[in-house]
Amino acid sequence: MRTLIVGASGHLGGEVARLAAAAGGEIHGTSTTGADGWSRLDITDREAVHALVSRVRPQLVVNTAYRADSWAICADGAAYVALAAAGAGARLVHVSTDAVHGGRPEPYPDDAAPTPVYRYGAAKAAGETAVAAIDPAAAVVRTSLIIGDERSKQVRLALDLTTGRARGALFTDEYRCPIDVSDLAAAILELAAIGYPGLINVAGPQPVSRAELGRLVAARHGLDPAAVPVCTTAEAGLGARPGEILLDSSRAAGLLKTPLRGVGEALGVA
Ligand SMILES: NC(=O)c1ccc[n+]([C@@H]2O[C@H](COP(=O)([O-])OP(=O)(O)OC[C@H]3O[C@@H](n4cnc5c(N)ncnc54)[C@H](OP(=O)(O)O)[C@@H]3O)[C@@H](O)[C@H]2O)c1
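Residues numbered from 1 in each chain as written. Predicted model: local features only at pLDDT ≥ 70, side-chain atom pairs only at ≥ 80, totals over all residues. Heavy atoms only, no water.

### Structural notes on the site of the ligand
Selection criterion: Definition of nearness: a residue and a molecule or strand are near each other if at least one heavy atom of the residue lies within 4 Å of the molecule or strand. Definition of a polar contact: a pair of N or O atoms within 3.5 Å, with one able to donate and the other able to accept a hydrogen when the atoms are protein atoms, and with sequence-neighbouring residues admitted only if both atoms are side-chain atoms. Using a 1.4 Å probe, the Shrake-Rupley method yields the accessible areas, and only the shown protein chains count as cover for residues. The way it works is a 1 Å grid over only the protein atoms, where trapped points that fit a 1.4 Å probe form a cavity and open points with protein on both sides within 12 Å along at least five of seven lines form a pocket, and then any residue with an atom within 4 Å of a point lines it. A molecule is counted as occupying a cavity or pocket when more than half of its atoms fall within 2 Å of that pocket's grid points. Every helix listed is a DSSP run of H or I at least four residues long, and every strand listed is a run of E at least two residues long, numbered separately from the N terminus.
Around the ligand sit 26 residues, and of these Ser9, Leu12, Thr32, Tyr120 and Gln154 come closest. Contact between the ligand and histidine 11: an oxygen atom at 2.8 Å from a main-chain N or O atom of the residue. Backbone polar atom of valine 95 to an oxygen atom of the ligand: 3.4 Å apart, as the coordinates give it. When isolated, the ligand has an accessible area of 920 Å², and the protein chains bury 86% of it. Taken atom by atom, the bulk of the ligand overlaps the largest pocket. Sorting the residues of the shell around the ligand by element identifies α1 (11-22), β5 (91-97), α4 (119-134) and α5 (153-162) as the ones contributing at least two each. Ranked by the residues each element gives to the shell around the ligand, the list is headed by β5, at 3 residues.

This is the structure:
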């Protein structure tokens, strides 16, 4: 399978590239700098996206590219990638986020309509809408905090706060469903292989607070979990934020061979 991974220099994109290559695929990837031998691409450049996809002629496009502060990347760029993939007749898996939701105690089903609170979640929701309109057969994968080794920004944040390399605290009242990067990457490739169309939640089955995640990361790295600085969002002086964003990933768990492990098992501290 000739696969183009948009954002192959990133944490998730790199793992998708690694697994797809291990499965014998022909892998093309992008980064914004051309680093690591990937093709240089800025997905906010519509013509550049079209030109690269026309040159590579992928059978599968996986779009993992994002920057949390960029509407142009998360929304416009997502649309340009979907247009180019559709033009090339390629299957598309687009990666989205739990941040499209505004938070509530009940888990969100796969097709729950977005209720974003943050600009980032709004931009990703706009990206989802564009992708689905351009290519209803595309898989749109909503995921949660991506963990793994120190390449994970969630893991790095926990370690930096615990060791004093960064200032701040992890919230005790924001719950998410972290997922291991390898589980997520494998699930993405499996969804592509079965041609899954539409929205699907792919997150871990074990909701934890950001603080608890930090403690588990600390334990995994031989640090004292009690040394993780934690506080509530109110103590941090922040306004209303989504407290619980729990993705119900039972459809993915039932559909896929890839196990979606809980955070404790994934970090080896179950
Ligand atoms: N990280 C999480 O905990 C989390 C949680 C929920 C959902 N997600 C979603 O998961 C996906 C992957 O996240 P990640 O943590 O693996 O991301 P990441 O490590 O930050 O990688 C982002 C990738 O996007 C590329 N990129 C940035 N700006 C671009 C542009 N203008 N044009 C093309 N590519 C660009 C980066 O290229 P350079 O390396 O050249 O900058 C990099 O390859 C994203 O869609 C994100 O919304 C992530």
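### Concerning the pairing of strand β4 (residues 60-63)
To be explicit about the condition: Here's how the labels work: a residue is buried when its accessible area is under 20% of the maximum for its type, exposed when over 50%, partly exposed in between, all with a 1.4 Å probe on protein chains only. In this description, strands pair whenever DSSP reports at least two bridges between them. Crossovers are marked right-handed if the path from the first strand over the helix to the second runs clockwise, as seen with the strands pointing away from the viewer.
Side-chain alternation along β4 places Leu60 and Val62 on one buried face and Val61 and Asn63 on a second face that is also buried. Pairing geometry for strand β1 (residues 2-6) and β4, over 4 bridges, is parallel. Bridge assignment links leucine 4 to a residue of β4, and that residue is valine 61. Each parallel crossover has a hand, and for β4 linked through helix α3 (residues 71-87) to β5 it is right-handed.

### Concerning the layout of surface pockets
Here is the rule: Grid points are joined across faces, edges and corners, and a volume is the space filled by probe spheres set on the points.
When its volume is computed, the largest pocket comes out at roughly 1,300 Å³. Along the wall of the largest pocket there are 48 residues; nearest its centre are Tyr66, Arg67, Ala68, Tyr120 and Lys153. Of all the secondary-structure elements, those providing two or more residues to the lining of the largest pocket are α1, β2 (26-31), β5, α4, α5, β8 (170-171) and α7 (210-220). Taken as a whole, the second largest pocket holds about 180 Å³ of empty space.

### Things to note about the side chain of threonine 233
Our working rule: Throughout, a residue-residue contact means that at least one pair of heavy atoms, one from each residue, lies within 4.5 Å.
Inspection of the secondary structure puts threonine 233 in the loop between β13 (230-231) and α8 (250-255). Residue classification places threonine 233 among the buried positions, given a relative accessible area of 12%. Residue contacts for threonine 233: discarding those within four places in its chain leaves Phe171, Asp173, Glu174, Leu238 and Arg241.

### Focus on the nonpolar core
Side chains of nonpolar character tend, in soluble globular proteins, to be buried together. Put simply, the rule is: Residue types Ala, Val, Leu, Ile, Met, Phe, Trp, Tyr and Cys, when buried and joined through side-chain atoms within 4.5 Å, form a set referred to as a nonpolar core.
If you look at the biggest cluster of nonpolar residues, it comprises 28 residues, and the most contacted ones within it are Leu12, Val16, Val93, Val141, Leu184, Ile188 and Val202. Counting residues per element, the ones that place at least two in this core are α1, β4, β5, β6 (139-143) and α6 (181-194). The dominant element in this core, judged by the number of residues it contributes, is α6, at 8 residues. Among residues more than four places away in sequence, those in contact with valine 202 are Val141, Arg142, Thr143, Ser144, Ile179, Leu184, Ala187, Leu191, Ser249, Ala252 and Leu260. The next biggest cluster of nonpolar side chains, apart from the first, holds 22 residues, and it includes Leu4, Val53, Val61 and Ile73.

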